Amino acid sequence: MLVSHHLMVLAASGDIGTLVNGLSPEWGPFGKLGATGRTVVQALMAGVVLFLLGRAILGAAHMKLGEGQQDYAQVSKGKKEVSGSLVGVFVVASIGTIFTIVYGMGI
């Protein structure tokens, strides 16, 4: 099954929980939020991840364009954008775990 087809099937249900299943914090401090609060957190996390992935794609385009024009400053800028964006995606995707650990240490 193609990835685009899989996303279309998930989007057809109309529930944001199916689209951002990996970004659904339902434990620790997030467990005390209501369903609406969790949905808002999920939507914000998904939006940030999409923004960062778009920025990584833009950085890759800068790298490719810089290589074509022999502009090493642009290649360096693209590498920084890609690496920074991917680190940001990792942090946002694991923020539920980080909050749970910190919350658990506080109890």
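Per chain, residue numbering runs from 1 following the sequence as it is written. Reporting of local features is limited, given that this is a predicted model, to residues whose pLDDT is at least 70; pairs of side-chain atoms are given and counted only at 80 or more, and all residues count toward the totals for whole chains, interfaces and linings. With hydrogens and water set aside, each side-chain value is computed from the structure's full complement of heavy atoms.

*Asks:* Summarise the nonpolar core; cite the residues concerned and give the values.
*Replies:* To form a nonpolar core, buried Ala, Val, Leu, Ile, Met, Phe, Trp, Tyr and Cys residues must be joined to one another through side-chain atoms within 4.5 Å. Exposed residues in this analysis have more than 50% of their type's maximum accessible area, buried residues have under 20%, and partly exposed residues fall in between, with area computed by a 1.4 Å probe over protein chains only. By size, the foremost hydrophobic cluster in this structure holds six residues: Val 41, Met 45, Val 49, Leu 52, Val 89 and Val 92. Looking at which element gives the most residues to this core, the answer is helix α3 (residues 35–69), with four residues. Starting at the N terminus, helices and strands are each numbered in turn, a helix being any DSSP run of H or I of at least four residues and a strand any DSSP run of E of at least two.

*Asks:* Residues and numbers for the confidence of the model for the protein chain, please.
*Replies:* Low-pLDDT portions of the prediction should not be read for the details of their coordinates. A score from 0 to 100, pLDDT tells how confident the predictor is in each residue. The share of residues in the protein chain with pLDDT of 70 or more is 65%, and the mean pLDDT across the chain is 75. When mean pLDDT is compared element by element in the protein chain, helix α4 (residues 72–93) scores highest at 88, while helix α2 (residues 16–19) scores lowest at 50.

*Asks:* Describe α3, with residues and values.
*Replies:* A helix's residues, less one, multiplied by 1.5 Å, set its expected span. Spanning 35 residues, α3 covers 51 Å between terminal C-alpha atoms, matching the ideal 51 Å at 1.5 Å per step. Here α3 has its buried residues at Val 41, Gln 42, Met 45, Ala 46, Val 49, Leu 52, Ala 56, Gly 59, His 62 and Gly 66. Of the residues flanking the end of α3, it is Gln 70, one or two places downstream, whose phi is positive at about 60°.

*Asks:* Give a detailed account of the environment of Leu 86, specifying residues and quantitative values.
*Replies:* Secondary-structure assignment places Leu 86 in helix α4. Leu 86 sits 37 residues away from Val 49 along the chain, and the two C-alpha atoms are 9.2 Å apart. By definition in these notes, contact holds between two residues if any of their heavy atoms fall within 4.5 Å. Setting aside residues no more than four positions away along its own chain, Leu 86 makes contact with Leu 53 and Ala 56.

*Asks:* Lay out unusual backbone geometry with the relevant residues and their values.
*Replies:* Glycine aside, a negative phi is what most residues show, and trans is what most peptide bonds show. Within the chain, Gln 70 stands out as a residue other than glycine whose phi angle is a positive 60°. Topologically, Gln 70 is positioned in the loop between α3 and α4. We classify Gln 70 as exposed; its relative accessible area is 53%.

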